[in-house]
Amino acid sequence: MAVTHDDVRHVAELARLAVDAERLDHLVVELNGILRHMDELAKVNTADIEKHVATPIDSTPLRSDSSGPLQLALPRESFAPAMRDGLFIVPRLASHEDGGERTP
Amino acid sequence: MSAAEWEMVVGLEVHVQLKTRSKAFCGCSTDFGSAPNINTCPICLALPGALPVLNEKAVELAARAAIALGCKLHPVSIFARKNYFYPDLPKGYQISQFDQPLATGGSVDIVTAAGAKKVGVTRVHMEEDAGKSLHDKYPAVTAIDLNRAGVPLIEIVSEPDMRSAAEAGAYLRTLKQILQYLAVSDVSMEEGSLRVDANVSARPMGQSELGTKTEVKNMNSFSGVERALDFEFARQCALLERGERIVQQTLLWDSTRNEARVSRTKEGSHDYRYFPEPDLGPLVLHAEWLASIKAEVPELPAGKKSRFAEEYGISSEEIDQVTSDPGIASYYEGVARQSGEPKAAANWVMGEVQAALNATGSSPDDLRVRPVDLAQLIKMIRDGLVSHAAGKKIFAIMLEKGKPAPQVAMEEGLLQVGDDSALAGWIDEVIAEHPDEARRYFAGEKKLQGVLVGFVMKKSAGKADPKKLNQLLMSRAGAG
Amino acid sequence: MKTTDFTSLTATAIAARVGSGGVAPSDIVKASFARAEEVRAGSDSLNAILWSDERLSVRDADSLAEGLTKAGKGGALAGVPVGVKDNIATLELPTTCASKILAGYVSPYEATAVMRLREAGAIVTAKTNMDEFAMGSSTENSAYGTARNPLDVTRVPGGSSGGSAAMVAAGITPIALGSETGGSVRQPASFCGIVGVKPTYGRVSRYGLVAFASSLDQIGTMARNVDDAALAMEIISGEDSKDSTSSSNVVGSYRDQFVSQATSPAPLEGMRIGVPEEYFPESLDEGIRNACLRSLEALKSLGADIVDVKLPHSPLAIPVYYIIAPAEASSNLARFDGVRYGARAARSGSLREMFAETRSDGFGPEVTRRILLGTYVLSAGYYDAYYKKAQAVRALIARDFQSVFGNGIHALFTPTTPSTAFSIGAVTDPYEMYLSDIFTVTANLAGVPAMSMPIGRVAGLPVGGQIIAGPFNEALMFRVAYALEAALGPEAHQ
Ligand SMILES: [Mg+2]
Ligand SMILES: [Zn+2]
């Protein structure tokens, strides 16, 4: 599975990373260099491994609905890049931009 | 082919906000309408190093809903990350469930003009809501409020079982009623606690495989969903008529223009890279816990309707009305039981009571006339102590003064006079004042009885009990 | 007293003196800052410390002193200055993960591990340098400059917790917190000649540790000797309701046996210590191999049985790790979007550009590389071949450890790293750099506790020996390490 320029462009888009042409060439080489070593995993027989879960814990703990919020020692304004009337401000996006990408 | 030869195929994805006090993965309040970003903490702001902890109540409500929809609840379900960038999605991913959801394989029974049918429920899974993006509050910028970010949701995914906008509407209204009965959500599309996305496709009548579907979003009412479906189906039919192909895409419904527009999403950007959420373990539901949740599931609309038909013998139209919401249903049941007059109870609840509720916008629970009071009034009418017309006056006064029916009837002098001596007195006076009619009546001109009764009613200012009055007149005529 | 008199003291000794009122906490803190001056720990040389504020630390020391006079006794770390890796949330001092994207960010809440240290009387004196977002093995990937190895400033201190390792090795603080995803505490400990501990996954709360790869991350302790490392680990261990993956397993005492052990002639009697052949390849540096053999002799003399064992899937650890860790990282680092906190690219026009410019400006080359790699292995069409497969092989690696510990082996002994500290700039190929974690990554993938301790030197550079134990067997791991440390004596530093 060789990584192409288009692959890197695609994942850079997904990851919201701007990658210039010359950096792109390097990344294609680097990623292929790394992924080459990954291909040896394909040879390993993992047939008897049942559906994995990500964490070693067997059951996630539950919190009471009435457990109050964790406090902030600093106002939101102290770390927000841009705030107005308590709202975080970002460049305008047309209300339908990326609309299809979200389905809460 | 004309539109008549195409069949609409619809599947719906419904997102429902669960009625918890705190958010799904943090202790922040879910209160609606607080100042912007007040209900946020390190977790729902996705501050570096913060971690999610699952809200027990959210699991309970999600399970209750899944049970009521006849789903199989899975003893182990897995949370997964759905990765995409959006300014009101703080973590850059939504915690949801993917290949191992909470519950699968349920159904909802609907009735339309086309008849009754089952709509399959593919799955019910838990996830968290995003924040709000305010695009029009300020010029040139978008403002982000994260008070809603992290509020618990369930997503209810239906099978593509609906064949018309009417069936989709029926499915949504039935689903909403079930969720109301369960008290798991406010289920208000206006306030956004219930949101609907539709998958629509068209295929030639009789064809079994599905056509290419499109997704329609952004509807803000059930009728809006119906209109959007008809619009999109017509658009697809037109394309197919011209032999063109349907492009799989997302459309956004514009309720003001009554049209759906293609969203500006770049195709191929829909790669959510789901993987199991490593910050949470599997959600494990133990059998005894599930049993306790099952036990808490209240009587659902369908069950209540068949029971009312059996216990109270009222018509199906009447049943639909008195079970429209759980509050009305229990109010009706109180009146029917305590009056022993289920039919009259239904008429009163559908008429006077419903009108009062609509007028005040209040719920049955805080109506001043309690079921026991209305039952008493109904019995007074049945026993002839007050006329039906007087009953309505009395009800109105009970509503505003909150006094019991007998007291109102007394104070307002609306009790009917049923005692013989009083009635006899009035009859004698009428005979004296109208000798001619009286003679002809007693001579056998029976049709004059109504006239005489009318005179007495007039004289008694409507207080005479017409039933008794007729009996007295007839007995005198018999004697005469 | 002269600064060196304090800076040569262990944490336990400092806490004893402060607790008994023998010395003021502020004097200890001032001595620590003086020592940092003396060894030039700042950007002009070691570059071990990113953020510190003597005024704040002295203030904390004074308020601790007040508490002491009231309480009449101090906590287990009373007055002990500690360094905290810059990816662990602290109040007042910045938490930047050595990244430009968090330049100037001060956390409005505190990590559980830091809170527990402070409750025991410790005083945070510095946020330490690291590879950006803990992605690296040399601390050359810091947006704020390379950290240097105090034993040879032309060499790297290892990484990603290189600043914490250098700080402790240079005698600035007796204890520091680091973090591990794949060897990031043990490898720099080995390069700097100190003790570094990675606990069982779930043993220490991750609340406040900026996530790199959630299923692998753990906070670890670094110290000049086993006793201090064990003490600090005992204090930060334990369940935390703010971390769903923290274990409810009770934390026993990690140090009770040390005392009785010290007097016993054969403290490791009946202990079976496994030597996995996969960790002693032909290619292993001779000096490192010999240091390990000397340690194994010492362990034998302490009464332990040395047993050859196999961990056949361990050689696959690097490929597995470099799929799982970047995959989780690509998702964990999505929150750095310039919307709610951190740096935002100002020139941005559209929102999409703001996202891309903010992240491209804010992340360094290695972080960018790993985000792209992780996004790729999770993306449609590759998930099964890479991420799913890697998780399955990870399960096989973990299974190897289970069977070894399930068959009467109490602990494993291996070299910590295949080489000693290398020269700054010597390793340029990413994959070659990844290989310096080849012996450490397996413990992260299997979730078992592991530690590195000094066992000798090659050409004047420290060699680390690694002890690995079964899940939640930290106490046993420390017992072995404590006995070996005593047996090796000063030889471990020659
Ligand atoms: Mg959803
Ligand atoms: Zn919150």
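As a reminder, the structure under discussion sits directly above these lines.
In what follows, the accompanying structure is described. (Residues numbered from 1 in each chain as written. Chains lettered and ligands numbered in written order. Predicted model: local features only at pLDDT ≥ 70, side-chain atom pairs only at ≥ 80, totals over all residues. Heavy atoms only, no water.)

Interface size is often expressed as the accessible area that is lost when the parts come together. Tallying the contact residues gives 38 residues for chain C and 29 residues for chain B. Its largest share of buried area at the contact with chain B, chain C owes to Ser331(C), Arg335(C) and Arg340(C), together 21% of the area lost on that side. One salt bridge in this structure joins Asp279(B) and Arg206(C), with 3.0 Å as the shortest N-O distance. At the junction of chain C with chain B, the criterion picks out 18 residue pairs in polar contact (both at pLDDT 80 or more). Among the elements of the structure, helix H11 (317–332), helix H12 (351–362) and helix H13 (365–378) of chain C are those that each provide at least two residues to the side of chain C that touches chain B. Broken down by class, the residue content of the side of chain C that touches chain B amounts to 19 nonpolar, ten polar and nine charged. (Contact = heavy atoms within 4.5 Å. Buried area = accessible area lost by both parts, 1.4 Å probe. Salt bridge = Lys/Arg side-chain N within 4 Å of Asp/Glu carboxyl O. Polar contact = N/O pair within 3.5 Å; in protein donor to acceptor, adjacent residues only side chain to side chain. Helix = DSSP H or I, 4+ residues; strand = E, 2+ residues; numbered from the N terminus. Nonpolar A, V, L, I, M, F, W, Y, C, P; charged D, E, K, R; others polar.)

Our next topic: the interface of chain A and chain B. Across the contact, 50 residues belong to chain A and 79 residues belong to chain B. Both faces considered, chain A and chain B share a buried interface measuring about 5200 Å² in area, 58% of it formed by carbon and sulfur atoms. Run the count over chain A and chain B and you get one salt bridge. Inspection of the region where chain A meets chain B yields 20 residue pairs in polar contact (both at pLDDT 80 or more). Taken together, the elements giving at least two residues each to the side of chain A that touches chain B come down to helix H1 (5–14), strand E1 (62–63), strand E2 (83–84) and strand E3 (87–91) of chain A. At five residues, the largest contribution of residues to the side of chain A that touches chain B is made by E3(A).

Within the structure shown, the criterion is met by 31 aromatic pairs over all chains. Centre to centre, the rings of Tyr105(C) and Tyr341(C) are 5.7 Å apart; their planes meet at 45 degrees, and the pair counts as tilted. Taken together, the residues span a long stretch of sequence, with Tyr105(C) in the loop between strand E2 (81–85) and helix H5 (112–119) and Tyr341(C) in the loop between H11 and H12 at a distance of 236 residues. A single burial state applies to Tyr105(C) and to Tyr341(C), both of which are buried. Positioned over the ring face of Tyr138(B) is Arg84(A), at 4.4 Å from the centre of the ring. Cation over ring: Lys446(B) sits above Tyr441(B), and NZ or CZ is 5.2 Å from the ring centre. (Phe/Tyr/Trp six-rings, centres within 6.5 Å; stacked < 30°, edge-to-face > 60°. Buried < 20%, exposed > 50% of the residue type's maximum accessible area, 1.4 Å probe, protein only. Lys NZ or Arg CZ within 6 Å of the ring centre and 35° of its normal.)

With five of five residues buried, strand E10 (residues 141–145) of chain B is to be regarded as a mostly interior element. Burial along E10(B) is two-sided: the residues Val141(B), Ala143(B) and Asp145(B) and Thr142(B) and Ile144(B) are all buried. For E3(A) and E10(B), the ladder comprises four bridges, and the chain directions are antiparallel. Within the sheet, the bridge partner assigned to Pro91(A) lies in E10(B) and is Val141(B). Turn length for the strand E9 (residues 132–138) of chain B-E10(B) hairpin, with the two strands adjacent in sequence and antiparallel, is two residues, and the turn residue Ala140(B) shows positive phi of about 70 degrees. (Pairing = 2+ DSSP bridges.)

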